[in-house]
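# Examination of the molecular architecture
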Amino acid sequence: LPRPLPLSHRRIRLLRRFTLKRKRQPQQILVPASTPSQVEKAVPSPALQPHVAAIAAELTETARRNVALEAVRIGNYYSEDQAEVLRYIAEQHAELLQDSKWLKKYAAKLRKENGLTQRYNSSEILAKRHEADGYDVFVHADEAVAAKERADSAKSGN
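A short tour of the structure in this document, coming up. (Residues numbered from 1 in each chain as written. Predicted model: local features only at pLDDT ≥ 70, side-chain atom pairs only at ≥ 80, totals over all residues. Heavy atoms only, no water.)

A separate point is empty space enclosed by the protein. Under the definition given, this model contains 2 cavities of 30 Å³ or more. If you add up the space inside the second largest cavity, you get close to 40 Å³. Taken together, Leu69, Val72, Arg73, Leu116, His130, Asp136, Val137, Val139 and Ala141 make up the full set of residues lining the second largest cavity. Among the elements that take part in the lining of the second largest cavity, helix 4 (residues 61–75) stands out by supplying 3 residues, more than any other. Across the lining of the second largest cavity, the residue classes tally to 6 nonpolar, 1 polar and 2 charged. (1 Å grid on protein atoms, 1.4 Å probe; cavity = no way out; pocket = protein on both sides within 12 Å on 5 of 7 lines; lining within 4 Å. Points joined across faces, edges and corners; volume = space filled by probe spheres on them. Helix = DSSP H or I, 4+ residues; strand = E, 2+ residues; numbered from the N terminus. Nonpolar A, V, L, I, M, F, W, Y, C, P; charged D, E, K, R; others polar.)

Set out below in structure tokens:
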């Protein structure tokens, strides 16, 4: 007769089964987006997620734009398939909107307007339009605007 597995091995098997079941749950499929109007379709809409809609309704437009900037900063990575990157950024955006501790901690910072929130709306930010226009995604927004202006002035000066 085969020996039964020790208790720790049984637990590991149960954990594997549990994680596999969690991974198999259907996930929302998002449409690849390239223009701001298409990004609104690709980003999970608040109507589909009522708890996100309630939190987003409390935020000002500037705060929503700053949350979108943070989602792009967190979720941006290099990939040949930009639709995949945009889906990941949309997931990060939804997670940030759901994270009440993070929203409370950075509430004052989110309310402040910066150079990118003045130039772009949240759907354009989630579509990475600012990156396409030459702004650095990974630095503070005002620093990115200043760096872009320096680069433009250096180009026009030469």
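Let us now look at the packing of aromatic side chains. Scanning the entire structure with this criterion turns up 3 aromatic pairs. Between Tyr77 and Tyr88, the ring centres sit 5.9 Å apart and the planes meet at 70°, which makes this aromatic pair edge-to-face. Residue Tyr77 is located in the loop between helix 4 and helix 5 (82–98), and its partner Tyr88 is located in helix 5; the two are separated by 11 residues in the primary sequence. Tyr88 gets classed as partly exposed once you look at its relative accessible area, which sits at 31%. Where Trp102 meets Tyr106, the ring centres are 5.4 Å apart and the plane angle is 50°; that geometry is what we call tilted. Overall, Trp102 belongs to the buried group, its relative accessible area being 16%. A relative accessible area of 28% means that Tyr106 is categorised as partly exposed. Looking at Lys148, its charged tip hangs above the ring of Tyr135, at a distance of 5.8 Å from the centre. (Phe/Tyr/Trp six-rings, centres within 6.5 Å; stacked < 30°, edge-to-face > 60°. Buried < 20%, exposed > 50% of the residue type's maximum accessible area, 1.4 Å probe, protein only. Lys NZ or Arg CZ within 6 Å of the ring centre and 35° of its normal.)

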